[in-house]
Amino acid sequence: MSIRFDDRVAIVTGAGGGLGRHYALELARRGARVVVNDLGGDRSGQGGSDAAQAVVEEIRAAGGEAIANGASVTDVAAMEEMVARAREAWGGVHILINNAGVLRDRTFAKMTPEDFAFVVDVHLIGSANATKACWETFREQHYGRVLMTASSSGLFGNFGQANYGAAKLGVVGLARTLHLEGARYGIRVNTIAPVAGTRMTEELFPAEAFAAFAPEKVAPAALFLVSEDAPSNQIVGAGAGVFQASQITLTPGVLLEGEALSPEGVAAHWSAITDRTEEIVPESGAAQAMLIGARLTRG
Ligand code: NAI
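Small disclaimer: the values here were computed from a predicted structure and weren't measured.

Caption draft 1: Local environment of the sheet that holds strand β3 (residues 65–69). Strand order in the open sheet formed by eight strands is β3-β2-β1-β4-β5-β6-β7-β8, with mixed pairing between adjacent strands. At either end of the open sheet lies a strand with only one pairing partner, and these are β3 and β8 (242–246). Strand after strand, the sheet turns through a mean of 20° between neighbouring axes, direction not considered. Summarising the sheet, strand β4 (residues 95–97) and strand β5 (residues 144–149) pair through three bridges and their orientation is parallel. Residue pairing for β5: isoleucine 95 is matched across the bridge by arginine 145. In the packing of helix α1 (residues 18–29) onto the sheet, contacts are made with β1 (9–12), β2 (33–37), β4 and β6 (187–195), and the angle to β1 comes to roughly 170°.

Caption draft 2: Quick look at the UniProt feature "domain: Ketoreductase" (unreviewed entry) in the protein. Taken from the UniProt record, the annotation "domain: Ketoreductase" (unreviewed entry) applies to residues 8–198. Secondary structure within residues 8–198 divides into 49% helix and 17% strand; the distance between the first and last C-alpha atoms comes to 27 Å.

Caption draft 3: Quick look at the packing of aromatic side chains. This structure, assessed with the given rule, holds three aromatic pairs. Taken together, a centroid distance of 6.3 Å and an interplanar angle of 70° make the contact between phenylalanine 108 and phenylalanine 116 edge-to-face. Looking at phenylalanine 108, the relative accessible area reads 61%, which means it is exposed. Through successive ring pairs, a cluster of aromatic residues spans Phe205, Phe210 and Phe213. Of note, arginine 8 hangs over the ring of tyrosine 143, and the distance from its end group to the ring centre comes to 3.8 Å. The ring of phenylalanine 118 carries the charged tip of arginine 104 above its face, separated from the ring centre by 3.8 Å.

Caption draft 4: Focus on helix α11 (residues 286–298). With 13 residues, α11 should cover 18 Å at 1.5 Å per step; its first-to-last C-alpha distance of 18 Å lies within 8% of that length. All of the buried residues along α11 are Ala287, Leu291 and Arg295. Projected down its long axis, α11 carries its buried residues within an arc of 80°, all on one side. Looking at α11, the residues exposed on the side facing more than 90 degrees away from the buried face are Ala289, Met290, Leu296 and Thr297.

Caption draft 5: Spotlight on the site of the ligand. Near the ligand, the surroundings consist of 30 residues, among which Leu19, Asp38, Asn99, Tyr164 and Thr198 are the closest. Taking valine 73, its main chain carries an N or O atom lying 3.1 Å from a nitrogen atom of the ligand. A distance of 2.5 Å is found between an oxygen atom of the ligand and a side-chain nitrogen or oxygen belonging to tyrosine 164. For the ligand, whose free accessible area comes to 810 Å², the fraction covered by protein is 96%. Looking at the shell around the ligand, the elements with two or more residues in it are α1, α4 (113–141), α6 (162–182) and β6. Its residues placed into classes, the shell around the ligand shows 13 nonpolar, 14 polar and three charged.

Caption draft 6: Just the pairing of β5, in detail. With six of six residues buried, β5 is to be regarded as a mostly interior element. Where burial is concerned, the two faces of β5 agree: the one with Gly144, Val146 and Met148 and the one with Arg145, Leu147 and Thr149 are both buried. In terms of handedness, the path from β4 via α4 over to β5 forms a crossover that is right-handed. Relative to β6, β5 is paired through six bridges, and the arrangement is parallel. What sits directly across from glycine 144, in β6, is isoleucine 187.

Caption draft 7: Up close: the packing of helix α3 (residues 76–90) against α4. The geometry of α3 relative to α4 is characterised by a closest axis approach of 7 Å and an angle of 35° between their N-to-C directions. Helix-helix and strand crossings are classified by hand; for α3 and α4 the assignment is right-handed. Facing α3, whose interface residues are Val76, Met79, Glu80, Val83 and Arg87, α4 presents Asn129, Ala130, Ala133, Cys134, Thr137 and Glu140. Here the residues of the contact of α3 with α4 sort into six nonpolar, two polar and three charged.

Caption draft 8: Structural detail: the nonpolar core. Ile11, Val93 and Phe138 are the most contacted members of the largest nonpolar core, which totals 39 residues. Taken together, the elements giving at least two residues each to this core come down to β1, α3, α4, β5, α6 and β6. At seven residues, α4 tops the list of elements feeding residues into this core. In this structure valine 93 touches Val9, Ile11, Val83, Ala86, Arg87, Cys134, Thr137, Phe138 and Gln141, once residues within four positions along its chain are discounted. Core analysis: the next-biggest nonpolar cluster, separate from the first, contains 31 residues, Phe5, Ala10, Ala52 and Val218 among them.

Analysis parameters
- Residues numbered from 1 in each chain as written.
- Predicted model: local features only at pLDDT ≥ 70, side-chain atom pairs only at ≥ 80, totals over all residues.
- Heavy atoms only, no water.
- Pairing = 2+ DSSP bridges.
- Helix = DSSP H or I, 4+ residues; strand = E, 2+ residues; numbered from the N terminus.
- Axes fitted to C-alpha atoms, helices over the stretch in contact; angles between N-to-C directions.
- Contact = heavy atoms within 4.5 Å.
- UniProt positions renumbered as here; feature names shortened; annotations may be inferred.
- Phe/Tyr/Trp six-rings, centres within 6.5 Å; stacked < 30°, edge-to-face > 60°.
- Buried < 20%, exposed > 50% of the residue type's maximum accessible area, 1.4 Å probe, protein only.
- Lys NZ or Arg CZ within 6 Å of the ring centre and 35° of its normal.
- Expected span 1.5 Å × (residues − 1).
- Arc of directions from axis to C-beta.
- Near = heavy atom within 4 Å.
- Polar contact = N/O pair within 3.5 Å; in protein donor to acceptor, adjacent residues only side chain to side chain.
- Areas by Shrake-Rupley, 256 points an atom, 1.4 Å probe, with all protein chains shown as cover.
- Nonpolar A, V, L, I, M, F, W, Y, C, P; charged D, E, K, R; others polar.
- Right-handed = clockwise from strand over helix to strand, strands pointing away.
- Left-handed = near helix turned anticlockwise from the far one by under 90°.
- Core = buried A, V, L, I, M, F, W, Y, C linked by side-chain atoms within 4.5 Å.

Here is the structure:
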């Protein structure tokens, strides 16, 4: 059965280029009315342009419906205004893809506090701002789909990206809690960790790989994760047509008592503490305390 978005209104942040543009085009092609948000700056977040308007024109030329929004995701009032305009035009908002992003790479030793804060502001606070602006609408409608954009740099670390990595794992924490709070309102929240040839990664990929990692090869996961039958609370890797699932896990652990309840005891039991044989994928933070409880009973 084909996945359609007729009668759905979608907001895609940072959709003036790269991955966001493809998400917006594909959502519109499958029937969604799309708010194309982008302030149109350069890769480091400086300057501005009418990138969003250009994508809106592409969507309209293909027979779709779209509105441009040139606001920064860091502007709370502008995010509220964006949602209000979408509701006025189309009566609701059903899908939000938090995709806007910037890079200010440097080793932590050389990174300024301003560049750390700026990157966290755009990715993490920006995702919270845009989601917060939609949240009440999603709750009222008893329907919402949110996709956060993480990165392998956040999930696993990457040299020179302390600011970006912190922000990108931050959105995973945001997604996990919103999944729990939104479930009873029909809101599903997922995270994508893409790998794509865009201006963000142009120095990383040789020319041939750039084509193999086209954004079109990530978009199918993004669209599935905001569709009617989307799962929730998932972290999905996507690049070059390969789709992966990432998990945050917990080992059952070891109970240390008496003399073993000491740094030396932790050191002595390190291999048992980190033994992954019976590890679980916790459904919420409470699982850690429950697992500790189970461990105490078991000894
Ligand atoms: P891109 O630079 O082409 O797209 C990011 C877009 O966000 C740009 O159009 C930019 O103008 C917009 N933007 C930046 N700051 C904004 C703000 N404050 N408000 C509104 N829009 C803003 O890069 P790409 O690769 O398409 O990135 C999309 C998302 O995917 C980003 O969140 C990025 O961190 C993430 N990502 C990309 C990877 C890749 O391999 N390309 C890897 C992992 C994550």
